[in-house]
Amino acid sequence: MKNINKILIAFISILAVSCSGDDVESRPVIEAATAPVLLSPKSDFNVVLELANAAGLATTFVWDDAQYEGSTTVVTYSVEIAKAGTSFESPYVAGTTTDKFKNFTVGELNAAALNIGLTPFVEGQIDVRIKSSVGGVGAIPQISNSYTIKVTPYPAWDNWGVIGSATAPVTGGDGWGADANLDYNSATKKYSITMNLVVGEIKFRLDDAWTTNYGDDGNNGSLEPNGANIPIATAGSYTIVADFIAKTYTITKN
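Below is a short write-up of the structure. Model, not experiment: these values are computed from the prediction.

**Thoughts on the sheet that holds strand β19 (residues 236-243)**
In step 1: Within the open sheet, the four strands sit side by side as β13-β14-β19-β20. Their pairing is antiparallel. Here the strands that pair on one side only, and so sit at the sheet edges, are β13 (183-185) and β20 (248-253). Geometrically, the sheet is characterised by an average inter-axis angle of 25° between neighbouring strands, direction not taken into account.

**Examining the sheet that holds strand β9 (residues 124-134)**
In step 1: Sheet architecture is open: five strands sit in the order β3-β10-β9-β6-β7, paired in mixed fashion. The open sheet is flanked by β3 (46-48) and β7 (92-97), the only strands paired with a single partner. Shown here is a sheet whose adjacent strand axes are inclined to one another by a mean of 30°, direction ignored.
In step 2: Here β9 pairs with strand β10 (residues 142-152) via eight bridges, running antiparallel.

**Considerations on the pairing of strand β4 (residues 57-64)**
In step 1: One ladder, built from three bridges, connects strand β2 (residues 37-40) with β4; its direction is antiparallel. Residue pairing across strands places V37 opposite D64, the latter belonging to β4.

Criteria and thresholds
Residues numbered from 1 in each chain as written. Predicted model: local features only at pLDDT ≥ 70, side-chain atom pairs only at ≥ 80, totals over all residues. Heavy atoms only, no water. Pairing = 2+ DSSP bridges. Helix = DSSP H or I, 4+ residues; strand = E, 2+ residues; numbered from the N terminus. Axes fitted to C-alpha atoms, helices over the stretch in contact; angles between N-to-C directions.

Quick look at the structure:
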């Protein structure tokens with residue numbers, strides 16, 4: 001009986017402590033007060049990103065902090081970007097921080113630009129805004145103003161191009177001064193381009209330089225390092241497809 005009484009007393013003590021604690025309903029409520037304000041970069045920002053500077057600073061996003069009413073809590077900020085004109089229908093979170101700024105390297109900004117669908121080597125427009133939240137992820141969100149910036153990304157894949165006298169109508173001069181960049185298909189892992197060619201020769205090379213280049217020693221559709229120039233016998237529109245894994249290519253007249 002004594003043991004039962006002791007257990008009862010302990011149970012009543014626990015109940016008393018629980019009841020004396022703060023009532024959940026009496027705890028301070030956190031409410032949105034003032035949204036963050038994006039300060040920079042503004043809409044006059046325009047940057048051409050280059051792989052050689054991938055580790056360098058591209059820009060710093062800066063904003064005024066958001067205000068919340070209630071007990072003090074940590075505010076998390078998300079840098080959201082989207083293709084210009086899409087009204088942030090599917091925003092991409094480029095980064096998060098509890099600071100009032102976020103540095104982006106060239107590589108990070110480039111990855112974000114490609115993620116929302118910007119085309120490599122083509123100037124594109126990005127809408128940028130800041131979203132603040134407290135507590136759990138996305139809790140009590142507040143959205144800042146937005147700016148539209150201009151970004152020219154580079155491809156996240158190897159930069160292969162075609163060069164040679166046969167490309168002169170597209171690349172200018174005698175055709176050997178500049179490359180025509182090949183488009184990459186991530187599904188097939190192949191590169192391609194459709195372009196006008198004249199009678200002459202072509203080669204493939206990496207990063208607009210001759211350090212890594214391919215030709216065809218037997219003119220049989222196989223690629224060899226530093227191989228012979230590939231002849232183009234008839235002028236016209238062609239589709240060129242190159243597979244630098246299998247070391248093969250095709251040139252089809254349209």
